[in-house]
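Notes for the structure review
Here's the letter readout for the chains.
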Amino acid sequence: MAIRDINGAETSDGRKRDLRRGKLGALMSSDPFFAEDHEFNIHSSRRSSNVSSSFPPSDHSTMCFSDRNSVDSSPCTEVSPRSQPSPYVKSPWTQYQFSGEQGKNEVGPYGLLGSLYREEGHIYSLAASGDLLYTGSQSKNVRVWKDFQDFSGFKSSSGLVKAIVVCGDKIFTGHQDGKIRVWSSFGDKRSTHKRVGNFPTTRDLLRKSMNPRNYVEVRRNRTVPWIKHYDTVSCMSVDTDQGLLYSGSWDRTFKVWRISDSKCLESVHAHDDAINSVKIGFYGLFFTGSADGSVKAWRREWMGKYTKHVLVETLLKQEHAVTSLAVNHVAGAVYAGSSDGLVRFWDRGKRSMSFSGVLRGHKIAVLCLAMAGNLVLSGSADSNVCVWLREVGGVHTCMAVLTGHGGPVKCLAVKKDTAAAETSAVDEDKLWIVYSGSLDKSVKVWRATEHASVSLKEPQEE
């Protein structure tokens, strides 16, 4: 039987590809504070659980890195005039490190509303939908929160929950065992959740398994059907206009699923190492970021009777792993967080994406990114969340540094703050609720605004 690689080409025994993940890739695609790999000391000296959340003193605009963590000197990563200085200066938010529900009603447009905690291990994934918050943790449980209360939940049979996305009444969860599980919410209050399927479906998997031509080589002497992820599903993104779900995996592929019938339409071997982030872009673009240090832009095009994703351009190629991506659809900008603590960004040009600058907000690895209107939020292994405001011309101003977590910030989610908009003169589109999930087993809930001139009301602690 002829064995084909993941791109469809026949592979001889003499040139079988060994897809074992490299040391750096294994490090950044794993949970840094959970692994015993001493190489993590390259990126952070805070390996113990006693992670300081104190606010560092004011510093100069230049940050100091070791040679291994220095910025790549290639043209695509050269620091531009728009590069931002370190935001490690005093900020109103850093002074509100209380947690819990106390004073949540007294907090003004800026500040910490409260903390959610449940003894179920590290928080790996978050998704906000309406008034509900979904959290995925080390326990394989997905908890559902509402109004700071444990509202409901559901549990998978296996596999840590690494990614969550919500589309209508369906919830998609990506797991460490390589499976994507589909859940549906029922009832007027969406309090009941039931598992309604898997990606791929059992029927499709059995049907594809019958034909040897549907197998691809993933490791030496190991083959699997091309419609199945054989390693952790690390990220997902939904294209609501096209009804498609994109999933990225540590198996170096991204797959395209049609939500209506759960069919896997395409599998693309996109990178040389684990894929850590996938994001739907603008003008038909789709972006992937990987532990191989690259960010790639793809476009879905018709090839005869079928569609296929083709590589448009590689935005970044560097030594440091790309850990997260975020997209500003209105401005046409893409942001990439890396293991060197920097956030690089590109703006849409006439013919291609152009490199625009670097946000210097963290001294160690950026683990997650999120967009809230014109706000860019970055969570890091330093336990902090930096908040940047994108202004006219692509200039970014650091609005705040959110401190208080006792461990790395692994995931972020945002939603509009409709409650604050009712009592504020600020436009609802500029008020946001930010959720930050951490390896300290907690989720913190923050209030954020794009309006720089809003007055700050200091919360009263009991």
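Summary of the structure given here.

Conventions we followed
- Residues numbered from 1 in each chain as written.
- Predicted model: local features only at pLDDT ≥ 70, side-chain atom pairs only at ≥ 80, totals over all residues.
- Heavy atoms only, no water.
- Disulfide = S-S within 2.5 Å.
- Buried < 20%, exposed > 50% of the residue type's maximum accessible area, 1.4 Å probe, protein only.
- Pairing = 2+ DSSP bridges.
- Helix = DSSP H or I, 4+ residues; strand = E, 2+ residues; numbered from the N terminus.
- Axes fitted to C-alpha atoms, helices over the stretch in contact; angles between N-to-C directions.
- Polar contact = N/O pair within 3.5 Å; in protein donor to acceptor, adjacent residues only side chain to side chain.
- 1 Å grid on protein atoms, 1.4 Å probe; cavity = no way out; pocket = protein on both sides within 12 Å on 5 of 7 lines; lining within 4 Å.
- Points joined across faces, edges and corners; volume = space filled by probe spheres on them.
- Nonpolar A, V, L, I, M, F, W, Y, C, P; charged D, E, K, R; others polar.
- Salt bridge = Lys/Arg side-chain N within 4 Å of Asp/Glu carboxyl O.

Regarding the state of the cysteines
Counted under the stated rule, the structure contains 0 disulfides. Free of any disulfide, cysteine 386 has its nearest neighbouring cysteine sulfur in cysteine 398, separated by 5.3 Å. With relative accessibility at 1%, the residue cysteine 386 sits in the buried group.

Considering the sheet that holds strand β28 (residues 409–416)
Across the sheet, 4 strands lie side by side as β1-β30-β29-β28; this open sheet has antiparallel pairing. The strands lining the two open edges of the sheet, one partner per strand, are β1 (111–117) and β28. Strand after strand, the sheet turns through a mean of 20° between neighbouring axes, direction not considered. Bridging between β1 and strand β30 (residues 442–449) involves 6 bridges; their strand directions are antiparallel. Bridged to leucine 116 within β30 is valine 443.

A few points about the side chain of histidine 122
Position of histidine 122 among the secondary structure elements: in the loop between β1 and β2 (123–129). A distance of 2.7 Å separates the side chain of histidine 122 from the backbone oxygen of leucine 439, its partner in a polar contact.

A few points about the sheet that holds strand β8 (residues 180–186)
Pairing in this open sheet of 4 strands is antiparallel, and the strands run β6-β7-β8-β9 from one edge to the other. Edge positions in the sheet fall to β6 (161–167) and β9 (192–199), since each of these pairs with one other strand and no more. Ignoring strand direction, the axes of neighbouring strands in this sheet form an average angle of 25°. The pairing of β6 with strand β7 (residues 170–175) spans 6 bridges and is classified as antiparallel. Its bridge partner lying in β7, alanine 163 is registered against glycine 174.

Some details on empty space enclosed by the protein
Under the defined criterion, the tally for this structure stands at 3 cavities of 30 Å³ or more. Put simply, the parts of the chain that give the lining of the largest cavity at least two residues each are β1, β3 (132–137), β4 (141–146) and β30. A class-by-class count of the residues in the lining of the largest cavity yields 5 nonpolar, 3 polar and 4 charged.

Examining the pattern of salt bridges
On inspection of all chains with the given rule, the structure shows 12 salt bridges. Between aspartate 204 and arginine 207 there is a salt bridge whose closest N-O contact spans 3.5 Å. Linking aspartate 204 with arginine 207, this pair stays in helix α2 (residues 202–209), spanning 3 residues, or about one helical turn. With relative accessibility at 6%, the residue aspartate 204 sits in the buried group. Between arginine 258 and aspartate 261 there is a salt bridge, and its shortest N-O distance comes to 2.7 Å.

Nothing here speaks to function; it is geometry throughout.
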